[in-house]
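Observations on the model geometry
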Amino acid sequence: MNTTWMVVAAVFAVLIVWGIVVYNRLMELRNRTVNALAQIDVQLKRRYDLIPNLVSVAKKYLEHESQTLEAVIRARGQAQAAATALRTAPGKPEVAQAMVAAEGVLGGALSRLMVVSESYPELKADATMRSLSEELNSTENRIGYARQAYNDQVLEFNNASKAFPAIVVAALLGFPALPMLQSTQNAQEREAIRVQF
Amino acid sequence: MKFWDFQADARRSTKGLLGAFLLLVLGIVVSVHLALALVFWIPALLMVATTPLTLGQAAVTYPTGFLATNVGLVTLMVLGGAWIKRDNLKQGGLHLARQLGAREVRPALSHAEQQYANIVQELCIAAGAQLPQAMVLPRDMSLNAFAASWEARDAVIVVSMGALEYLSRDELKGVVAHELSHLREGDTRLNMELAGYVFGLEMLFNYGEEWSERGMPVFGWPLMAVGWLGWLAGQALKAAVSRQREYLADAHAVQWTRNPDGLGRALRKALWLQDHAHEAAAMQSSPGLRGGSGLRSPLVAHMLLVDVEDSDALHDAWHLGGVNWLASHPSLEERIARIYGQEQDALPLQEGEQRWVNPFAAALPQARPEA
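A brief look at the structure comes next. None of the values given here were measured: they were computed from a predicted structure. For every chain, the first residue of the written sequence is number 1, and numbering continues from 1 along that sequence. Following the order in which they are written, the chains are lettered starting with A and the ligands numbered starting with 1. In view of the model being predicted, local features appear only for residues whose pLDDT reaches at least 70, and side-chain atom pairs are presented and counted only at 80 or more, with totals across whole chains, interfaces and linings using the full set of residues. Based on all heavy atoms of the structure, the side-chain values leave hydrogens and waters out of the count.

**Describing the overall build of chain B**
Tallying secondary structure elements over chain B gives 13 helices and six strands in all. Burial statistics for chain B: of 371 residues in total, 49% are counted as buried. The contact rule is simple, with two residues in contact once any of their heavy atoms fall within 4.5 Å. In chain B, 75% of the contacts between residues at least 6 apart in sequence involve partners at least 24 apart. For chain B, the exposed surface amounts to about 17,300 Å²; the carbon and sulfur share of it is 59%. Here a strand is any run of E in DSSP of at least two residues, a helix any run of H or I of at least four, and the numbering for each starts at the N terminus. The buried label goes to any residue with under 20% of its type's maximum accessible area, the exposed label to any with over 50%, and the partly exposed label to all in between, with areas taken from a 1.4 Å probe on protein chains only. Accessible areas in this description were obtained via Shrake-Rupley with a 1.4 Å probe; residue shielding takes into account the shown protein chains only.

**Thoughts on the packing of helix H7 (residues 187–213) of chain B against helix H8 (residues 217–257) of chain B**
All names here are of chain B. As a packed pair, H7 and H8 sit with axes 7 Å apart at the nearest point and diverge in direction by 165°. Here H7 is positioned roughly antiparallel relative to H8, judged by the angle of their axes. The two elements H7 and H8 cross, and the hand of that crossing is left-handed. Classes in brief: Ala, Val, Leu, Ile, Met, Phe, Trp, Tyr, Cys and Pro nonpolar; Asp, Glu, Lys and Arg charged; the others, Gly included, polar. Looking at side-chain class alone, the contact of H7 with H8 contains 17 nonpolar, nine polar and five charged residues. As a rule, the C-alpha atoms of each element are fitted with a line to give its axis, helices using only the stretch in contact, and angles between N-to-C directions run from 0 to 180 degrees. In these notes the angle categories are as follows: under 35 degrees is roughly parallel, over 145 is roughly antiparallel, 65 to 115 is roughly perpendicular, and the rest is oblique. Crossings are assigned a handedness: left-handed for a near helix turned anticlockwise from the far helix by less than a right angle, right-handed for a clockwise turn.

**Considering the packing of helix H6 (residues 169–184) of chain B against helix H9 (residues 260–275) of chain B**
Residues and elements named next belong to chain B. Axis separation between H6 and H9 bottoms out at 7 Å; the angle between their running directions is 95°. Comparing the axis directions of H6 and H9 gives the class roughly perpendicular. Residues Asp170, Glu171, Gly174, Val175 and His178 of H6 form the contact with H9, whose own contacting residues are Gly262, Leu263, Arg265, Ala266 and Lys269.

**Brief notes about the pairing of strand E4 (residues 156–160) of chain B**
Along any regular strand the residues' side chains alternate between the sheet's two faces. All names here are of chain B. In terms of burial, E4 is largely enclosed, as five of its five residues are buried. Where burial is concerned, the two faces of E4 agree: the one with Val156, Val158 and Ser160 and the one with Ile157 and Val159 are both buried. Should DSSP find at least two bridges between two strands, the strands are taken to pair. The pairing of strand E2 (residues 133–137) with E4 spans five bridges and is classified as parallel. Paired with glutamine 133 across the two strands is valine 156, which belongs to E4. Summarising the sheet, strand E3 (residues 145–148) and E4 pair through four bridges and their orientation is antiparallel. Among the inter-strand pairings, alanine 148 is bridged to a residue of E4, identified as valine 156.

**Focus on the sheet that holds strand E1 (residues 103–104) of chain B**
If you trace the four strands from one edge of the open sheet to the other, you get E1-E2-E4-E3 (chain B), paired in mixed fashion. The outermost strands of the open sheet, each flanked by one partner alone, are E1 and E3 of chain B.

**Structural notes on the side chain of His33(B)**
As for its placement among the helices and strands, His33(B) is situated in helix H1 (residues 3–50). Here His33(B) is in contact with Phe66(B), Leu67(B) and Asn70(B), once residues within four sequence places are set aside.

**Observations regarding the environment of Met6(A)**
Among the secondary structure elements, Met6(A) is positioned in helix H1 (residues 3–61). Sequence separation between Met6(A) and Val34(A) is 28 residues; the distance between their C-alpha atoms is 42 Å.

**Comments concerning H8(B)**
Three- or four-residue spacings in an α-helix give side chains the same orientation, since the helix completes a turn every 3.6 residues. Compared with an ideal rise of 1.5 Å per residue, which puts 41 residues at 60 Å, H8(B) spans 58 Å between its outermost C-alpha atoms and is within 8% of the ideal. With 31 of 41 residues buried, H8(B) is to be regarded as a mostly interior element. What a helix should span is 1.5 Å times the count of its residues minus one.

**Side note on the pattern of salt bridges**
All names here are of chain B. A side-chain nitrogen of Lys or Arg and a carboxyl oxygen of Asp or Glu constitute a salt bridge if their distance falls within 4 Å. Counted by the stated rule, this structure contains 22 salt bridges over all chains. Glutamate 185 is the salt-bridge partner of arginine 11, the closest N and O atoms lying 2.8 Å from each other. Residue arginine 11 is located in helix H1, and its partner glutamate 185 is located in the loop between H6 and H7; the two are separated by 174 residues in the primary sequence. Put simply, glutamate 171 and lysine 269 hold a salt bridge, and the shortest N to O gap is 2.9 Å.

**What about a nonpolar patch on the surface?**
Residues and elements named next belong to chain A. A cluster of nonpolar residues, Val7, Val11, Leu15, Trp18, Tyr23, Phe164, Ile167, Val168, Leu172 and Leu173, forms a patch on the protein surface that exposes about 970 Å² of accessible area. Mapped by element, the contributors of at least two residues to the nonpolar patch are H1 and helix H6 (166–173). Per-element tally for the nonpolar patch: the top contributor is H1, with five residues. One can find tyrosine 23 in helix H1. Look at tyrosine 23 and you get partly exposed, because its relative accessible area is 31%. Residues enter patches when their relative accessible area tops 30% and they take part in no salt bridge; the joining distance is 9 Å for like charges and 5 Å for the nonpolar side chains Val, Leu, Ile, Met, Phe, Trp and Tyr.

**Structural notes on the packing of aromatic side chains**
To describe a pair of aromatic rings, you give the distance between the ring centres and the angle between the ring planes. Within 6.5 Å between ring centres, the rings of Phe, Tyr and Trp (the latter by its six-membered ring) count as paired, and their orientation is classed by plane angle as stacked under 30 degrees, edge-to-face over 60, tilted in between. Per the counting criterion, the structure on display carries four aromatic pairs over all chains. On the numbers, 6.3 Å between centres and 50° between planes, the contact of Phe21(B) with Tyr197(B) is tilted. Within this pair, whereas Phe21(B) is found in helix H1, its partner Tyr197(B) is found in helix H7, the two being separated by 176 residues in sequence. Among the aromatic side chains, those forming a connected cluster through ring pairs are Tyr23(A), Phe157(A) and Phe175(A). Two limits define a charge over a ring: the Lys NZ or Arg CZ must be within 6 Å of the ring centre, and within 35 degrees of the ring normal. Sitting above the plane of the Tyr247(B) ring, Arg338(B) keeps its charged end 3.6 Å from the centroid.

**What about the side chain of Arg243(B)?**
Here Arg243(B) lies in helix H8. Any pair of N or O atoms that falls within 3.5 Å is considered a polar contact. Within protein, one atom must be able to donate a hydrogen and the other to accept it, and sequence-neighbouring residues count only if both atoms are side-chain atoms. At a separation of 2.9 Å, a polar atom in the side chain of Arg243(B) contacts the main-chain carbonyl oxygen of Ala327(B).

Take a look at the structure:
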């Protein structure tokens, strides 16, 4: 084997090693975004679990507001179904759209419940209600932060996969740019509902 | 607040200061050697002055291994000092917090503690940080907090009861985010190591003092002089690093909470407490509840949200050109001005201001701005 071939082989080996390193890095970053997305799901589930408790406590005081309470329960059911659908078919824009819409309806229903409960002092004074609404409030924050963290991860992945020369590996091995969660760009959505007791 | 810029700025300054610290230690090694060499030169120079001998003839002879001994001695003291100091924190943040009287948070105990425990979890999501142990200083009604860790797994965040009592949810969030930054950036460890090196320089001074007391001031004084100057410069550099870490933590708090007003208002309340010590003491009616004592420990002084160090003569003496060179924290006014981009007034605390009173408080109309 002459020198030229050895040089070619060495260059080739370096290229392969470099490719492996870039691939591993992109893979790691993409896995982190998947994990960040799963975190949002965990927090959403926490919210769905809290709502029935909240409603059952509120029910004791809000005799004449059964419609509002039913609306919350209904919205919670729809949002939960939409979240399940998204889990089974991730990456479909229309499923994600439906999910965002269902979350919006749920937020609105909870908000109405909070407005209604304004005029029920006993409800506001109920320790369990206060504790539950703190949990709900915290969950809203966690959802927001989990989205923020997801978007930060997506930004890091997209930056890494679009930089030259990594973009060559990304294009060859199939690392498409990931979309951000647009809903968090919207101030209304980011504020979510504010539950304060 | 341009928090990305401030973070980059604080990181760059820390690196520069750490470089300066390294140079300082090298400088001390060289100075000790030169100072002790001078001790050997003085008799020779005297001989040249009083006798017809030339400098070449009055040749100075050093003891064997003179250079190696000097360099070895100083290095040993500086590294040894760091090693001794390390022991303090090696047992972990949890141990330290317990020593200062903190206990684990109990979410079932009160609404405030429930909120605090929740806030720590929320911010760990925002910061992508590991969950530290949340703790409370139950008998401390001052407005303060600290974080400590030697390794990630023993990290703790501790807040005073006063912080739980007087801060709103958003304000407490800013405070916890600030402490979380100290944990994530490994500031406790950095500071302990620097403190160790400074302690080593102090040992050099003490060693010199011992020599002069034993009747060998010619060796003692140069060591004392170099040791003292080194100690002072080390203190100033350590304090400067600590101040940069405070700015970094403030910038992180704004980044993670995306709300400068949270930490900003907490610091403005702390400023009010600082300016109105008497009124504050009257509010915190039970004398047993007055705070700060446990927090005066030098082990956590640099990690506190708000500095509680006594402004003793030493610190006052080094207040030059608008900068307190030995202070571990920038002034509250300066931090507040950085957070808001302009100066802000102190926020008075109100008697019985409890964060869980004020239910609903017009939050709903604000919270849903019509798009």
